[in-house]
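Okay, here's what each chain looks like letter by letter:
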Amino acid sequence: MAFTFVAFAYIIALILTALLIFFAIWHIIAFDELKNDHKNPIEQCNALNPLVLPEYGTHIFINLLFLFGGQWLTLFFNLPLIAYHINKFRTRSMRSGFGVYDPTTIMNAQILNSAQREGWIKLGFFMVSFFYYLYCMIAELIRE
């Protein structure tokens with residue numbers, strides 16, 4: 001049993017991916033509350049926008065660990081979501097500050113549905129990633 005930097009990277013990735021799963025669930029619940037008129041859009045965007053940069057930063061940090069560990073397949077698996085995050089942040093409305101959700105447009109049915117669909121897709125991606133990281137961590141720890 002060898003404890004290497006790669007094993008450490010996968011352990012950290014497991015912990016942080018659990019946090020990303022929590023963020024994805026939080027987004028899904030928040031958009032469902034908006035869809036069902038349980039909260040107003042200003043409150044909801046004020047609650048969601050501060051979570052955007054930590055989510056993106058956490059995902060990039062995980063992938064930096066994989067880059068330094070030489071885990072190219074895992075890094076390649078994560079690159080599309082990183083590119084999507086960068087593009088979404090780059091093309092965001094400036095009115096939302098550092099967040100990507102604008103209270104004036106979030107109640108548009110098309111935008112609300114796409115935001116909710118994005119939350120479900122991210123949840124699925126992070127769930128698959130979690131179990132992939134778990135498998136890779138175990139494989140790395142038992143490697144001789």
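These figures come from a predicted structure and were not determined experimentally.

Conventions used here
Residues numbered from 1 in each chain as written. Predicted model: local features only at pLDDT ≥ 70, side-chain atom pairs only at ≥ 80, totals over all residues. Heavy atoms only, no water. Helix = DSSP H or I, 4+ residues; strand = E, 2+ residues; numbered from the N terminus. Buried < 20%, exposed > 50% of the residue type's maximum accessible area, 1.4 Å probe, protein only. Contact = heavy atoms within 4.5 Å. Areas by Shrake-Rupley, 256 points an atom, 1.4 Å probe, with all protein chains shown as cover. Lys, Arg positive; Asp, Glu negative; His and termini not counted. Charge placed at Lys NZ, Arg CZ, Asp CG, Glu CD. UniProt positions renumbered as here; feature names shortened; annotations may be inferred. Axes fitted to C-alpha atoms, helices over the stretch in contact; angles between N-to-C directions. Parallel < 35°, antiparallel > 145°, perpendicular 65-115°, else oblique. Left-handed = near helix turned anticlockwise from the far one by under 90°.

(A) Examining the overall build of the protein chain more closely. Each helix and strand in the protein chain was counted, giving 5 helices and 0 strands. When the helices and strands of the protein chain are read in sequence order from the N terminus, they spell out α-α-α-α-α. Counting only C-alpha atoms and orienting by the principal axes, one finds that the protein chain spans roughly 55 × 25 × 20 Å. Burial analysis of the protein chain (144 residues in total) assigns 43% to the buried set. Considering only residue pairs separated by 6 or more positions, the protein chain has 78% of its internal contacts joining residues 24 or more positions apart. Surface exposure of the protein chain reaches about 8200 Å², of which carbon and sulfur atoms provide 72%. Here the protein chain contributes 9 positive and 9 negative side-chain charges, whose respective centroids are spaced 8 Å apart.

(B) Looking closely at the UniProt feature "transmembrane region" (unreviewed entry) in the protein chain. UniProt's entry tags residues 7-29, 60-86 and 123-142 with the feature "transmembrane region" (unreviewed entry), counted in the numbering of this structure. Taken end to end, residues 60-86 comprises 93% helix and 0% strand; its first and last C-alpha atoms sit 10 Å apart. Between the C-alpha atoms that bound residues 123-142 there is a distance of 29 Å. The span itself is 100% helix and 0% strand.

(C) Layout of the packing of helix α1 (residues 5-35) against helix α5 (residues 109-142). For the pair α1 and α5, interaxial distance at closest approach is 8 Å and the crossing angle is 160°. The angle between α1 and α5 places the two elements in the roughly antiparallel class. Crossing geometry of α1 relative to α5 is assigned as left-handed.

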